[in-house]
Amino acid sequence: MSSEEFEKLHEMYKCLYDEVKLMPERVQMCQGEERKRIVRHFDERVSEAEEVLQGMEQELFGTPSSFRTPMSTKIRLYRRDLAKLQRDIRLSTTPGFSSHVGDSRQGIYAAQNDQSTHLQSQRALLIQGTESLNNASKSIERSQRIAAETDQIGTDIIEELGEQRDQLDRTRDRLVHTGENLSRSRKILRAMSRRLVTNKLLLSVIIIMELAILGAVVYLKFFRGRK
């Protein structure tokens, strides 16, 4: 919807309405052909105003309801104003016209205007219902898309949790094996420690025995030899 085009049509309607709203009074002050000319000119301008209002309604299609609803109401009021002017100018026709004919034409115009107003109301309701249906469809589509995305996210999370569980199982197995290796290592270290102590004891005994032998040799060589 072009807001600029709508404003142009709105200004055009105002100009047409300002022109025709004074014609019923002018008809009362005129006679003969002048009065007929004014009536014809009035009918032409009213027809143009109706076409402008239809263009304004077409420009309202697809606009947000916050803008369309008040403007649709305003257009219905404009049509009522035009209908009132039509009734006024028919009442201002020359006395030469038959009262019955004038009343019949006035009734026809009034019925046409009422029908036009009713149709416009029905059209506005239809537009509003169509928009509500479109909004509901879009809302359902968004909900379905969000549900699909949520389902995909849930599936990804489940797969990731499964992978993490496998990693934890493998880590637990490695820790169990590591604990077993540490237990074997401690046993080996204890055995090595016992062997080291035993070797130290044996080495100490050997050293003591060597010192004893060395002392005996020295004693025998130096002290027994002198005797």
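Everything here concerns the structure above.
The rules behind these values
Residues numbered from 1 in each chain as written. Predicted model: local features only at pLDDT ≥ 70, side-chain atom pairs only at ≥ 80, totals over all residues. Heavy atoms only, no water. Helix = DSSP H or I, 4+ residues; strand = E, 2+ residues; numbered from the N terminus. Buried < 20%, exposed > 50% of the residue type's maximum accessible area, 1.4 Å probe, protein only. Contact = heavy atoms within 4.5 Å. Areas by Shrake-Rupley, 256 points an atom, 1.4 Å probe, with all protein chains shown as cover. Core = buried A, V, L, I, M, F, W, Y, C linked by side-chain atoms within 4.5 Å. Expected span 1.5 Å × (residues − 1). Arc of directions from axis to C-beta.

Focus on the overall build of the chain
Right, on to step 1. Within the chain one finds five helices and zero strands.
Right, on to step 2. For the chain, the α and β elements follow one another from N to C terminus as α-α-α-α-α.
Right, on to step 3. Put simply, the chain has 227 residues, and 22% of those count as buried.
Right, on to step 4. Residue pairs in contact within the chain that sit at least 24 positions apart in sequence constitute 75% of those at least 6 positions apart.
Right, on to step 5. Per element, the accessible surface of the chain, about 16,800 Å² overall, is 58% carbon and sulfur.

Describing the nonpolar core
Right, on to step 1. Among the nonpolar cores identified, the biggest contains 13 residues, and Tyr13, Val52, Leu53 and Met56 are the most heavily contacted of them.
Right, on to step 2. Of all elements in the fold, only helix 1 (3-20), helix 3 (32-60) and helix 4 (65-91) reach the threshold of two or more residues within this core.
Right, on to step 3. Leu53 has contacts with Tyr13, Ile75, Tyr78, Arg79 and Leu82, leaving out every residue within four places of it along the chain.
Right, on to step 4. Judged by nonpolar contacts, the second largest core, of 10 residues, contains Met23, Cys30, Val46 and Ile89.

Concerning helix 1
Right, on to step 1. Look at helix 1: 26 Å from first C-alpha to last across 18 residues, which is about the 26 Å you get at 1.5 Å a residue.
Right, on to step 2. Within helix 1 the residues assigned to the buried category are Phe6, Leu9, His10, Tyr13, Leu16 and Val20. Buried residues of helix 1 fall within an arc of 130 degrees about the axis and therefore sit on the same side. Exposed and oriented more than 90 degrees from the buried face of helix 1 are Glu4 and Cys15.
Right, on to step 3. Those residues of helix 1 that are buried lie in contact with helix 2 (23-29), helix 3 and helix 4.

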